Structures are given as C-alpha cells and as structure tokens.
Amino acid sequence: MSKIKQFMSMILTLAVFFSYSIPAMAADTIETQTNDPLGTITIAVEKFTLGEGYYVEPIEIPYYSGDTGITVLNRFLDSGNIVWKSNYLVGIIGAQAGEVNVPDCISKMESHTDFGEAPTTATALAEGLTYPNRLSEKDYSPMSGWMYSVDNDFPGYGLDGYTPSDGDVFRLQFTLWGYGADLGQDFQGGMTPINETDKTELTRLLGEINSSPNKSQYLKDAQFKALYDQANGIMENLEATNKQVQNIYDQLKAGIPAVTESVSCTYQTQIENVGWQAVKSNGETSGTFGESLRLEGIKINIDAPGKDLGVEYQTHVENLGWQGFKGNGDLSGTEGKCLRLEGIQIRLTGTDADKYDIYYRVHAQDYGWLDWAKNGASAGTEGFGLRLEGIEVKVVQKDAAAPGKTNRPFVTGNIHLNYQTHVENIGWQELKKDGAMSGTSGKSLRLEGIKINVDNAGYDVGISYQTHIQDIGWQEFRTNGVMSGTEGESKRLEGIRISLTGADADLCDIYYQVHAENIGWMGWAKNGASAGTEGFGYRLEGIRIVVVPKDAAAPGSSESAFVSNN
C-alpha cells in the first residue's frame, strides 16, 4: 500500500475509532469457531505508553473458521469486558488498573496544533479516565485509544477486516500520543514516530514460553528467569533498538532450559445424537458448541510413563446430581438415558499428583465457555438445568500458569436465603426468602430487628450482617440467624450491610434493597455495601434480599442504595 493510500485509510479508521461511543456489542460477537482450530496466533495486550507494561502477556491462542479480530478478542478477553462502537474497539473494562508513568520519550514528542504539548505523567493524570472502570479512547490524552498491529504492521482498517492466519503476532496496543506515533506507526502527514523497531519475533517467542506447560519449570532456572525479565523489559521500552531486540531474542531462545516430557491427558465425550466422539487430548475441545447438543458421559485418562499418576472425576447429571467419582477411563455420566451433564470435578491421584495441576473448563448452555477450574473444583452449573456442551482438560507442572482466566468456572443456583424481621406493633414476621419483601410498605411501621440465614446446599457459605440502629449507630456484625437490631426497645433500624462469608462465598453475590421512610424503595446494594440511610432519623420499613450467581445482573437499579447525612 502506498504512503498516500495508507494515510487516507488510517485517517478513516481513526475518524471512526475516536468518534463518540456508548457501550455496545460488535455485530458478530456470536462464536463462529468450529470444533477444530485452523491454527494459532500469538496475542498480547499492551499498555507500554502508560508505563504499565502488559495488560495481557503474549500467549498463543487458537483461531477458527470465520474468525475476525472481533471474534478473537470477544472470546479471548470476554465480550462482556469490551466496549465497542460499531466494529471498533473503544475500551476494555478492567484495563484501567495500574499506576500511570508516562515514558519520557513520549513527553518529548512534538506538540500538536489542536491538542498542545505531548503528555507528561502529571498532565495525563490530570486528564484522567473518561469512565472509572475501563481504559478507553481519549483517556489521559485527547489522542489516545486502542490500535492493533499484525506482524508489526498497523492495518488501515477495523478489527472486523482482520482475518487470522497461522503464526500471526497480534498486538493490541494503547496509543497515548500521535495516533500511534508513540507505538512506531508512521504514515504520511502524521507525527514522527518514536521508534519503528520490529518486536514481532520477540513477542512470538515470549508467547511460546508463556503458553508452554513447562513455563514454571523454565522460570525456576535463575539465569533463564533473568533473561525472561530482561526480554519483557525490552518489550516495554519504546526506545529499544532492533539490535537490542535481536540480542535478547537470541539469548532467550538459546537459554530455554531442557525439561522432562509433560504428562498427557486424553478424554472423550458421549454427545447427544452423535455418540462417542474421537479421543481428544491436552486442552483440545471435546464436544460441540453452537449446536445445542448435550454431553451425556465422559471418560478421562492420564498417560504418564514412569510416574505414579492417575485421574478421577465425577459429573453432575440431570435428575441424579453428583454421581460419585470414577477413575482412569471409566464412564462418568450415563449412556442411552438422554441425561445431560451439568457439571464436573476432576482431580489427579497417585504419589506424583502433587507435582502437577489439572485444569479444565466447560462450555455451558446460556453461558458459553466458563473459566478454568483446577484440582477437584467444580466446573459448569448447578440448579439451572443447563447442559454441558464441550470440555477442555489440561495437565501442567505444579504451580504453572493457568491456561486462561480462573474467575468463574462454576455457577450454582442452589444457594438460597431466608430472613425475618421484627416489625413495630407486629413482632417477628414469618420467614421470607429469595427476594420476597419482609416488613411492611405504606403502614409507617419501623423495622426493629432482623435475622438472616443461608441454605448453602453443602457449600462453605455463611452470612454476616450489621444494622444501623436509632441512638446506637452501626451495631457489631451478627452471623447466621443471630438477631441484629433490638427487641422490646422501640428503636428503628435505619441502615444495613450484608455479606456472604466462607470459602465458597465467591460463588455468589448478595443483593439487598430497603424501603425507607420518606424515600420508599431505594436501589440495590451488594456484598457488604450500606443500604438505607444514616443521619436523617428515617426508619426502615421493608427489605428484600437475594443471592445470585457471581457477576450476574443486579435484580434492579443500584442507584441511591444508601444516603448519609453524616
């Protein structure tokens, strides 16, 4: 492409890229991949221009038929974490975290006729974020935003125009100044780039290392660890030369330590209308997705010559619940009964089990790919009647990096609440549960006390709560059915905080909403936040409390859940 054409194409891209934006999903967010990947690409998400290093370090990921840059990013970063305007990436939720330290080389760049001097750390922080929960275009600088390169080339078209090819190095990079000049982008009529060093091969090598099941073993070698850290430093250095990049590449590649062969994990699934699928191994997908076909059974094996290592697993089956553990190739689930698998737990056995971790993730109806579970933890769903459609399993060296996100591998709908309130002139009301109102509305009767319990379905989940009481203030926390508030003292409750406790508390969120004197129903508070009022002398008259799966939508608006006059 000529310089003139490249410039005009880039201007068109940036004009759309930096247009006014609202959160919106890209048109083709539906997963388009088939069961078998066409190849792999190396992907990285970089915030070098903010002095914050990587948001996501280089890693190898598969791509599938029909993929574009949009589908790849939606799958890799989770579509719920990306803000799109049409087919252009506007912001990434969560990427704003970090301590901004603008490199000096950016601060020394030429000024802009419309936007003034190049940013410094101080001016960037003064400019700040447009939204507090994400890193977006025009954050820290009027010329900032997300750009992407493929093999060190910045295409002059949107992400929907990118079709992955095997071996591509795809770098999503945040530009702070010069519409990419700080990243080495050069187009006629634009600012002079800081540096046009090609870091493609170094990024690819880092992706190979980060994706290797032997990474943790590599990094135990002090000499290699030093080279690895140096390579990451060279990547983050916007002024690094081609010679510096090539030198560290050569040293890092030559310095990769030899390790023993990894353990192999094989598995196959029984699928609705298909039967037993061919055996898959080491993180490959077994099952289907996009076809609405349930998994009905699974067999898992470990191939570890010379090692005392096995595997056992149990599945949560429609109408049956958790079946009990099976091992080393035995069927878990059913065959010929048309019963869906809904969840699974997998763990290693044998005297060598403490040398490895086993990771697994599932594709669940209505949820898609959940995050990775590990070493016997639950993956999938429970209590919703949702089928498993696919699974991936991988054994890695002990304490090696997870193959992906581990935030939410399992969703349960079996944890419930019951609660009752002590009401003026009435006393203790009958138990309410799962979002039903306890108390009164329109009768001007104060709540005076509350008891809350969790039906935890065998999970390690409890509940803790404290109330703000007339003439007393915030009372100490009470737990698991003990009364918070007063009885027989005619004192109103004015506010409340409620939290889940226990090792499994992160399976769910707890929401609660109060009806307050002179206000009515307020917004929903969550996970220990205050609800109600403080400093006004307003009574609580009613309350609703509900547990939802982690990160599920709130039951309603969370605006104005608490008002303080203190």
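Anything mentioned here points back to the structure above.
Conventions adopted
One numbering rule holds for all chains: residues counted from 1, following each sequence as written. It should be noted that, the model being predicted, local features are given only for residues of pLDDT at least 70 and side-chain atom pairs only at 80 or more, the latter also being counted only at that level, while totals for whole chains, interfaces and linings use all residues. Remark: hydrogens and water are excluded; side-chain values derive from all non-hydrogen atoms of the structure. Relative accessible area decides the class of each residue, using a 1.4 Å probe on protein chains only: under 20% of the type maximum gives buried, over 50% gives exposed, and in between gives partly exposed. Secondary structure elements are taken from DSSP: a helix is a run of H or I of four residues or more, a strand is a run of E of two residues or more, and numbering for both begins at the N terminus. If DSSP finds at least two bridges between two strands, the strands pair. In the sections that follow, a salt bridge refers to a side-chain nitrogen of Lys or Arg positioned within 4 Å of a carboxyl oxygen of Asp or Glu. Angles here are taken between N-to-C directions and fall from 0 to 180 degrees, while the axes themselves are lines fitted to C-alpha atoms, restricted in helices to the stretch in contact. Angles are sorted into four bins: roughly parallel if under 35 degrees, roughly antiparallel if over 145, roughly perpendicular if 65 to 115, and oblique for all others. Note on convention: near helix rotated counterclockwise from far helix by under a right angle means a left-handed crossing. Clockwise means right-handed. Contacts were defined at the residue level, with two residues in contact if any of their heavy atoms lie within 4.5 Å. Here the nonpolar group is Ala, Val, Leu, Ile, Met, Phe, Trp, Tyr, Cys and Pro; Asp, Glu, Lys and Arg are the charged ones; every other residue, Gly included, is treated as polar. Here the expected length of a helix is defined as 1.5 Å per residue gap, with one fewer gap than residues. Think of the arc as the fan of directions from the helix axis to the C-beta atoms.

The next subject is the pairing of strand 17 (residues 341-349). With respect to burial, strand 17 is a largely interior element, seven of its nine residues being buried. Pairing of strand 13 (residues 310-317) with strand 17, which is carried by eight bridges, proceeds in the antiparallel orientation. Paired with His316 across the bridge in strand 17 is Gly343.

Charged atoms that come close allow side chains of opposite charge to pair. Tallied over the full model, the rule gives 28 salt bridges. Between Asp36 and Lys280 there is a salt bridge, with its nearest N and O atoms 3.6 Å apart. Residue Asp36 is found in the loop between helix 1 (3-17) and strand 1 (39-46), and its partner Lys280 is found in strand 10 (residues 280-281); the two are separated by 244 residues along the sequence. The class for Lys280 is buried, based on a relative accessible area of 14%. With its nearest N and O atoms 2.7 Å apart, the salt bridge here joins Glu494 to Arg492. Accessibility assignment for this pair places Glu494 and Arg492 in one class, buried.

A word on the packing of helix 5 (residues 200-211) against helix 8 (residues 242-254). Helix 8 packs onto helix 5 with a crossing angle of 25 degrees between their chain directions and a minimal axis gap of 10 Å. When the axes of helix 5 and helix 8 are compared, the pair comes out roughly parallel. When you trace helix 5 past helix 8, the crossing you get is left-handed. Residues Glu201, Leu202, Leu205, Leu206 and Ile209 of helix 5 pack against Val245, Ile248, Tyr249, Leu252 and Lys253 of helix 8. Here the contact of helix 5 with helix 8 is composed, by residue class, of eight nonpolar, no polar and two charged.

Further remarks concern helix 7 (residues 222-236). Each turn of an α-helix holds 3.6 residues, which means side chains three or four residues apart point in the same direction. End to end, helix 7 covers 21 Å across 15 residues, agreeing with the expected 21 Å (1.5 Å per residue, within 8%). Within helix 7 the residues assigned to the buried category are Phe224, Leu227, Tyr228, Ala231, Asn232, Ile234 and Met235. Viewed along the axis of helix 7, the buried residues span an arc of 160 degrees, placing them on a single side of the element. When the buried face of helix 7 is taken as reference, the exposed residues oriented beyond 90 degrees from it are Ala222 and Gln223.

It is worth spelling out the sheet that holds strand 2 (residues 54-63) at this point. Strand order in the open sheet made by the four strands is 2-1-7-6, with mixed pairing throughout. Across the chains shown, the open sheet's two edge strands, defined by having one partner strand only, are strand 2 and strand 6 (145-150). Strand-to-strand twist across the sheet, computed as the mean angle between neighbouring axes with direction ignored, equals 20 degrees. Relative to strand 7 (residues 169-175), strand 1 runs parallel, the two being bridged by five bridges. What sits directly across from Ile43, in strand 7, is Phe170. Helix 7 contacts strand 1, strand 2 and strand 7 of the sheet and is inclined by roughly 100 degrees relative to strand 2.

Before going further, it helps to spend a moment on helix 5. End to end, helix 5 covers 16 Å across 12 residues, agreeing with the expected 16 Å (1.5 Å per residue, within 8%). Counted residue by residue, helix 5 has 10 buried out of 12 residues, so it is predominantly covered.

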